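Working through the structure, step by step
The primary structure of each chain is shown beneath.
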Amino acid sequence: MNKDLKISFEKFQNKESVGFIKSSEKPSKTLTSEQKVILNRKGNVLFNQGDIEQARRIFLTTGYSDGLVRVGDLYVKNNRDLEALKLYMLAHNQQKSEALIKKVAALISQIIKEE
């Protein structure tokens with residue numbers, strides 16, 4: 001079992017967290033197509049400069065699925081699987097979501113067996 005995933009899972013069980021995944025974040029409906037393009041370009045620049053969290057915020061605002069997936073991929077590389085899963089789900093990337101869901105399900109099964 002992936003120890004980092006277990007630690008990540010336990011982090012979401014603390015009192016400050018009300019759940020595993022908040023998927024109610026929706027792209028802004030008040031932005032025009034032109035505004036989204038400008039913001040997505042800015043998000044891509046920030047991402048490439050290493051300002052991942054600012055880029056993530058922009059991609060969430062615009063609903064830019066490719067950007068959300070790229071941030072999610074970086075989160076997976078940094079053992080932030082649950083946060084990556086949220087972004088994959090918001091980006092409607094079923095293939096990447098299912099892979100992480102299987103990992104989380106295996107972790108939950110392991111925790112249940114240990115108790």
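Criteria and thresholds
Residues numbered from 1 in each chain as written. Predicted model: local features only at pLDDT ≥ 70, side-chain atom pairs only at ≥ 80, totals over all residues. Heavy atoms only, no water. Core = buried A, V, L, I, M, F, W, Y, C linked by side-chain atoms within 4.5 Å. Buried < 20%, exposed > 50% of the residue type's maximum accessible area, 1.4 Å probe, protein only. Helix = DSSP H or I, 4+ residues; strand = E, 2+ residues; numbered from the N terminus. Contact = heavy atoms within 4.5 Å. pLDDT = per-residue confidence, 0-100. Salt bridge = Lys/Arg side-chain N within 4 Å of Asp/Glu carboxyl O.

This part covers the nonpolar core. Residues Phe59, Leu68, Val71, Tyr75 and Leu87 are the most contacted members of the largest nonpolar core, which totals 18 residues. Counting residues per element, the ones that place at least two in this core are helix 2 (33-49), helix 3 (52-62), helix 4 (65-77) and helix 5 (81-90). Contact partners of valine 71, with chain neighbours within four places excluded, come to Phe47, Ile52, Arg56, Phe59 and Leu87.

Before going further, it helps to examine the environment of lysine 96. Tracing the sequence through the fold places lysine 96 in helix 6 (residues 94-114). Expressed as a C-alpha distance, the spacing of lysine 96 and leucine 85, which sit 11 residues apart in the sequence, is 7.8 Å. Not counting residues up to four positions away in its chain, the partners in contact with lysine 96 are Val69, Asp73 and Tyr88.

Predicted confidence across the protein chain gives a mean pLDDT of 83, with 77% of residues reaching 70 or more. Looking over the protein chain, one finds the lowest element-wise mean pLDDT in helix 1 (residues 3-11), namely 56, and the highest in helix 4, namely 97. Scored below 50 in pLDDT, residues 12-24 shows 11 contacts in the model against residues more than four places distant or in partner chains.

A complete count under the given rule lists 6 salt bridges for this structure. Among the salt bridges present, the one from aspartate 66 reaches arginine 70, with a minimum N-O distance of 3.4 Å. With aspartate 66 and arginine 70 both in helix 4 and 4 residues apart, the pair spans about one turn of that helix. Judged by its relative accessible area of 23%, arginine 70 falls in the partly exposed class. We note a salt bridge from aspartate 81 to lysine 103, for which the minimum N-O separation is 3.1 Å. Here the residue aspartate 81 occupies a position in helix 5, and lysine 103 occupies one in helix 6, the gap between them amounting to 22 residues. With a relative accessible area of 33%, lysine 103 lands in the partly exposed category.

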